[in-house]
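Breakdown of the fold
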Amino acid sequence: MTVAVHATTEGEPAGLFRRLGAMIYDGLLLLAIWMVLGLLFVFLGNLVGRPMIPLQFAVNLLAAWLFLVGFWTRTGQTLGMQTWQIRLRDEGGGPVTVRRATLRYLVALAQWLLLLFAIHLAREYGAAVTIAVTTLVLVGLGLSQLHPRRLMLHDWLSGTVLVHAPRQASGAH
């Protein structure tokens, strides 16, 4: 059994487009979860007579953490990662712990929040900031592609790696 894990881990690193495909797929699933939670918060807000936006934001972040960390630690694959044939492993090829998965989530979340803040600044301050933000994003993506294992910042800091994990042929002939 460990041989299959190491064989998968020693496979080729997951490419950028494969990662983006899985991220979009999982993002749509998270959006659906957040929409259901949003309906619940609209209902609760109407009951108490005021919107509960900060609480809803915190619950959305918790829901995303439960979704991602749950899949990463159980199977190494979210539904999007299964579709795009990539698997998350620790640097040694083993399953990812809750601690590593949480660190990966928090670093990725911080990166997204910084990107959103940079987009806000670009909208407020115009073309020069837009060019700077775009350059920073492209440099970050480019650096990950230059790394021999294509590690992004959240993988590097959490000690995780995404690998291409082709489906095994089901075969009992």
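Our subject is the structure listed above.
Here the structure is a predicted model, which is why all the values come from computation and not from measurement.

**Regarding the overall build of the protein**
Check the secondary structure of the protein and you find seven helices and two strands. Helices and strands in the protein line up, N terminus first, as α-α-α-α-β-α-α-α-β. In the protein, buried positions account for 33% of the 173 residues. Partitioning the intrachain contacts of the protein with sequence separation of at least 6 by distance along the chain shows that 74% fall at a separation of at least 24. Here the protein displays about 11200 Å² of accessible surface, and carbon together with sulfur accounts for 72% of that area.

**Some points on a nonpolar patch on the surface**
Among the surface-exposed residues, Ile24, Leu28, Leu31, Ile33, Trp34 and Met35 lie close enough to one another that they form a single nonpolar patch of about 570 Å² accessible area. Looking at where Met35 falls in the secondary structure, it is placed in helix α2 (residues 16-48).

**Digging into the pattern of salt bridges**
For the structure shown, the criterion picks out two salt bridges. Note that Asp155 is salt-bridged to Arg19, the shortest N-O span being 2.9 Å. Here Asp155 is found in helix α7 (residues 153-158), whereas its partner Arg19 is found in helix α2, with 136 residues between them in sequence. Given the relative accessible area of 0%, Asp155 is considered buried.

**Here we look at the nonpolar core**
If you look at the biggest cluster of nonpolar residues, it comprises 15 residues, and the most contacted ones within it are Trp72, Met81, Ile86, Leu88, Tyr105 and Leu162. With near-sequence residues (within four places) excluded, Trp72 lies in contact with Thr78, Met81, Leu88, Val96, Ala101, Arg104 and Tyr105.

**Observations regarding the packing of aromatic side chains**
Taken as a whole and assessed by the stated rule, the structure comprises one aromatic pair. On the numbers, 5.2 Å between centres and 70° between planes, the contact of Phe67 with Phe71 is edge-to-face. Residue Phe67 and its partner Phe71 are both found in helix α3 (residues 53-74); the two are separated by four residues, about one turn of the helix. Lying across the ring of Trp72, Arg104 places its NZ or CZ 4.7 Å from the centre.

**So, the packing of α2 against α3**
Where α2 meets α3, the closest approach of the two axes is 10 Å, and the angle between their N-to-C directions is 140°. Handedness of the α2/α3 crossing: right-handed. For the pair formed by α2 and α3, the contact residues are Asp26, Leu29, Leu30, Ile33, Trp34, Leu37, Gly38 and Phe41 on the first element and Leu55, Gln56, Val59, Asn60, Ala63, Ala64 and Phe67 on the second. Residues belonging to the contact of α2 with α3 are distributed by class as follows: 11 nonpolar, three polar and one charged.

**Description of the side chain of Gln77**
Here Gln77 shows up in the loop between α3 and α4 (79-83). A polar contact is formed between the side chain of Gln77 and the backbone oxygen of Ile86, at a distance of 2.9 Å. In this structure Gln77 touches Phe71, Gln82, Ile86, Arg87 and Ala165, once residues within four positions along its chain are discounted.

**What to know about the packing of α3 against helix α5 (residues 98-125)**
Look at α3 against α5: their axes get within 9 Å of each other, and the N-to-C directions meet at 135°. Taken together, the axes of α3 and α5 lie oblique to each other. Helix-helix and strand crossings are classified by hand; for α3 and α5 the assignment is right-handed. Contacts between α3 and α5 involve Leu61, Ala64, Trp65, Leu68, Val69, Trp72 and Thr73 from the first element and Val98, Ala101, Thr102, Arg104, Tyr105 and Leu109 from the second.

What counts as what
Residues numbered from 1 in each chain as written. Predicted model: local features only at pLDDT ≥ 70, side-chain atom pairs only at ≥ 80, totals over all residues. Heavy atoms only, no water. Helix = DSSP H or I, 4+ residues; strand = E, 2+ residues; numbered from the N terminus. Buried < 20%, exposed > 50% of the residue type's maximum accessible area, 1.4 Å probe, protein only. Contact = heavy atoms within 4.5 Å. Areas by Shrake-Rupley, 256 points an atom, 1.4 Å probe, with all protein chains shown as cover. Patch = residues over 30% accessible without salt bridge, like charges linked within 9 Å, V, L, I, M, F, W, Y side chains within 5 Å. Salt bridge = Lys/Arg side-chain N within 4 Å of Asp/Glu carboxyl O. Core = buried A, V, L, I, M, F, W, Y, C linked by side-chain atoms within 4.5 Å. Phe/Tyr/Trp six-rings, centres within 6.5 Å; stacked < 30°, edge-to-face > 60°. Lys NZ or Arg CZ within 6 Å of the ring centre and 35° of its normal. Axes fitted to C-alpha atoms, helices over the stretch in contact; angles between N-to-C directions. Left-handed = near helix turned anticlockwise from the far one by under 90°. Nonpolar A, V, L, I, M, F, W, Y, C, P; charged D, E, K, R; others polar. Polar contact = N/O pair within 3.5 Å; in protein donor to acceptor, adjacent residues only side chain to side chain. Parallel < 35°, antiparallel > 145°, perpendicular 65-115°, else oblique.

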